[in-house]
Amino acid sequence: MKIFVVNAGSSSLKYQLIDMDNESVLAKGLCERIGVTGAISHKAADGREYKAETPMPTHSEAFEAVVYAMMKSDAKVIDSFDEISAIGHRIVQGGAIFKGSCLVNDKVIEQISELGAMAPLHNPAHVIAIKACIKTFGDKIPQVVVFDTSFHQTMPPKAYMYALPYDYYERLAVRKYGAHGTSHHFVSDRVAVLENKDKKDLKIITCHLGNGCSITAVKDGECKDTSMGFTPLDGFMMGTRSGSLDPSALTYIAEKDNLSAADINAICNKKSGMLGISGVSNDNRDIAAAAQSGNERARLAIDMQRYQILKFIGSYIAAMNGVDAIAFTGGIGENDPELREYVCENLKYMGVEIDKEANKCRGKEVKISTENSKVDIFVIPTNEELAIARDTLAIISK
Ligand code: AMP
């Protein structure tokens, strides 16, 4: 059984075709510059590649290009649509409406569209992509939506409420929703497998550290708290995002520099974080290289991010009254031994012991704590596409 997984942005479309019989990727690819020019790069599992620059005024042309790549190009992997059992879409914001994945229908499309106010960069693009996908693949192949927020829907009110006048929650649905839920779900499930225990019996902290970063506390098999909030800006500093700060700093800056709410939003989302502090880049590799050659702001950015990550982990240990396992994932979590060592060394007081040799790993699933460690520490490469495909299969099998 083959599932086609779609991760659409406003000008890009990432996809994978996954054979669920053995959960192997048959092909993956990316359409870029949709609405501007248009380009596709597609790769089959055996290494055959197809690349083309082709006009993509809308997502419909992008899906046409994907169909050509999958069914007709030199890197083709299927003969017809009939081989695709279902299509799974990644959706960033499901609000409080979507507590789990579900089949696409007109009402679902409308609701995702309405939630666009809370994810203006993502949900409108998802809606366009779902409609274009239906146009290209027809309505005989079931389509499923999988939300980045739904894993966090188990948070209790004490974790998701903001201490603002209650009216903003009732009237505008302002509360914490979280993000990266598909990744936290996948990684926490994986921790339970590696621990050979029921997830319900574990207290787990999952750290998704990439260009966007979030940390989640998982207890009784459920998300109890997460660092991202109403939007993916909240939490700790990321590539270009500030993370949490005193809102009064923002009203002060807005008044002093005569900035609008949209200006402030853009500053916090696109010009802050590692980029804003280092002035070098949003990419941790560039920042590490700059720090190595003596750039003090780059060093400060690294120190700040590590300190903030440590504090979130500490707060979730307190929130869960302990922790059995901590897992690192995402581009930074999977590839930065120094950051992982910093965290573990600072949790020594509670019996965390890192295996320095194992911690040298990059991008591989490895237990990096010693046998004596009171908490198991893992590096677990995330696989959001596979998680979406699994959910899609579960929904169509119901
Ligand atoms: P992601 O958003 O998960 O793709 O992660 C992107 C982040 O991971 C960037 O800040 C990269 O610098 C970082 N990253 C990727 N590979 C490495 C690596 N080998 N060492 C350190 N950081 C890395």
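Above: the structure in question.
Calculation criteria
- Residues numbered from 1 in each chain as written.
- Predicted model: local features only at pLDDT ≥ 70, side-chain atom pairs only at ≥ 80, totals over all residues.
- Heavy atoms only, no water.
- Core = buried A, V, L, I, M, F, W, Y, C linked by side-chain atoms within 4.5 Å.
- Buried < 20%, exposed > 50% of the residue type's maximum accessible area, 1.4 Å probe, protein only.
- Helix = DSSP H or I, 4+ residues; strand = E, 2+ residues; numbered from the N terminus.
- Contact = heavy atoms within 4.5 Å.
- Expected span 1.5 Å × (residues − 1).
- Polar contact = N/O pair within 3.5 Å; in protein donor to acceptor, adjacent residues only side chain to side chain.
- Near = heavy atom within 4 Å.
- 1 Å grid on protein atoms, 1.4 Å probe; cavity = no way out; pocket = protein on both sides within 12 Å on 5 of 7 lines; lining within 4 Å.
- Sits in = over half its atoms within 2 Å of the grid points.
- Nonpolar A, V, L, I, M, F, W, Y, C, P; charged D, E, K, R; others polar.

Caption draft 1: Broad picture of the nonpolar core. Core analysis: the biggest nonpolar cluster contains 33 residues, and Ile205, Leu209, Ile215, Ile313 and Ile326 have the highest contact counts within it. At the level of secondary structure, the elements contributing two or more residues to this core comprise strand E9 (203–209), strand E10 (213–219), helix H11 (296–320), strand E12 (325–329), helix H13 (337–345) and strand E14 (376–379). Ranked by the residues each element gives to this core, the list is headed by H11, at seven residues. Filtering out sequence-adjacent residues up to four positions away, leucine 209 remains in contact with Phe236, Ile309, Phe328, Thr329, Gly330, Gly331, Ile332, Gly333 and Leu339. Membership of the second largest hydrophobic core comes to 30 residues, among which are Val6, Leu17, Ile34 and Met56.

Caption draft 2: Structural view of helix H3 (residues 123–137). The end-to-end C-alpha separation of H3 is 21 Å, in line with the 21 Å expected for 15 residues at 1.5 Å each. Along H3, the residues that are buried comprise Asn123, Ala125, His126, Val127, Ala129, Ile130, Ala132, Cys133, Thr136 and Phe137. Check the buried side of H3 and you find it contacts strand E1 (2–8), helix H1 (59–71), strand E6 (84–91), helix H2 (106–114) and strand E8 (143–147). Note on H3: the residue one or two positions beyond its end, glycine 138, has a positive phi of about 80 degrees.

Caption draft 3: Structural view of H11. The end-to-end C-alpha distance of H11, which contains 25 residues, comes to 36 Å, matching closely the 36 Å that a straight helix rising 1.5 Å per residue would cover. Every buried residue of H11 is accounted for by Ala298, Ala301, Ile302, Gln305, Arg306, Ile309, Leu310, Phe312, Ile313, Tyr316, Ile317 and Met320. Measuring from the side-chain oxygen of the N-cap residue of H11 to the backbone nitrogen of arginine 297 gives 3.0 Å; that N-cap residue is asparagine 295. In the segment just after H11, asparagine 321 is the residue with positive phi, at about 60 degrees.

Caption draft 4: Representation of the environment of isoleucine 277. Tracing the chain through its elements places isoleucine 277 in helix H9 (residues 273–278). Since its relative accessible area comes to 26%, isoleucine 277 is described here as partly exposed. For the pair isoleucine 277 and alanine 298, spaced 21 residues apart in sequence, the C-alpha separation works out to 7.2 Å. Excluding anything up to four places from it in sequence, isoleucine 277 contacts Met237, Arg297, Leu300, Ala301 and Met304.

Caption draft 5: View of the site of the ligand. Around the ligand lies a shell formed by Gly210, Asn211, Asp283, Asn284, Arg285, Gly330, Gly331, Ile332, Asn335 and Arg362. Between the ligand and the protein, one listed contact pairs an oxygen atom with a backbone N or O atom of arginine 285 at 3.2 Å. At 2.9 Å, a backbone N or O of glycine 331 approaches an oxygen atom of the ligand. Applying the majority rule of atoms within 2 Å of the grid points places the ligand in the second largest pocket. Of all the elements in the fold, those that place two or more residues in the shell around the ligand are helix H10 (284–292) and helix H12 (330–335). Among the elements that make up the shell around the ligand, the one with the highest residue count is H12 (four residues). Considering only residue class, the shell around the ligand consists of one nonpolar, six polar and three charged.

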